[in-house]
Amino acid sequence: MGRPRLSVVIASTRPTRIGHHVAEWVLDRVPDDLDVTVHDLRELDLPFLDEPGQPADGNYAHDHTRRWSAAMLATDALVLVMPEYNRGYNAALKNAIDYLYAEWEGLPVACVGYGWHGASYAKSALRQTLERVKMVVVDGPGLSFEDTLTLDGVVGAGPWEEAALASMFDGLRAAARAPLDR
């Protein structure tokens, strides 16, 4: 069996976003035994869900959906780098999740949230959605403005956040899907 394949998704699509800075902090700490691919929802540019059929059917009419599906089928574990907006997670992330269904089943996922209070409200709300689509949720750290993250995206994570990130990678590795699972 090859090395586990980790996908890191940058969820924010805002023009003035800082999610790519948080993603760099995550990417700089990915263990050497994981192969990593980055997916940026801004670049993926999924329109609001436009598939005529139900995602559970897996019969996708659009190339953008087939590309997103293939990317998620080619991963063994997932990290969502996500902002908190108004105590919730962002619409682009919800849309990307809603495009697929079977691809999510059994996929280990962790959320690295950022915002006020470490994105705790958004991470809690998102957990319900991830569990509904049968993902295996692994705890991930949150970065808080004016504490471990500046408004400009400079990460100043302390020992607790660094340890939480390392523990997250351990949990994702342990739960990673085997290639034969797909």
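Structure's up top.
All of these numbers come straight from a predicted model, not from anything done at the bench.

1. Some thoughts on the packing of helix H4 (residues 91-98) against helix H5 (residues 120-132)
In step 1: Contact geometry for H4 and H5: axes closest at 11 Å, N-to-C directions at 10°. Relative to H5, H4 is oriented roughly parallel. Listed contacts from H5 to Leu93, Lys94 and Ile97 of H4 are Leu126, Thr129 and Leu130.
In step 2: Residue composition of the contact of H4 with H5, by class: four nonpolar, one polar and one charged.

2. Let's talk about the pattern of salt bridges
In step 1: Applying the stated criterion to the full structure yields ten salt bridges.
In step 2: The partner of Arg66 in a salt bridge is Asp63, and the shortest N-O contact between them spans 2.5 Å. Here Arg66 pairs with Asp63, and both are found in helix H3 (residues 63-73), just three residues apart, close to one helical turn.
In step 3: Under the relative-accessibility criterion, Arg66 is labelled partly exposed at 38%.
In step 4: According to the relative accessible area criterion, Asp63 is partly exposed, its value standing at 48%.
In step 5: Glu131 is the partner of Arg127 in a salt bridge, and the nearest nitrogen-oxygen pair spans 3.0 Å. Taken together, the positions of Arg127 and Glu131, both in helix H5 and four residues apart, correspond to about one turn of that helix.

Cut-off values and rules
- Residues numbered from 1 in each chain as written.
- Predicted model: local features only at pLDDT ≥ 70, side-chain atom pairs only at ≥ 80, totals over all residues.
- Heavy atoms only, no water.
- Axes fitted to C-alpha atoms, helices over the stretch in contact; angles between N-to-C directions.
- Helix = DSSP H or I, 4+ residues; strand = E, 2+ residues; numbered from the N terminus.
- Parallel < 35°, antiparallel > 145°, perpendicular 65-115°, else oblique.
- Contact = heavy atoms within 4.5 Å.
- Nonpolar A, V, L, I, M, F, W, Y, C, P; charged D, E, K, R; others polar.
- Salt bridge = Lys/Arg side-chain N within 4 Å of Asp/Glu carboxyl O.
- Buried < 20%, exposed > 50% of the residue type's maximum accessible area, 1.4 Å probe, protein only.

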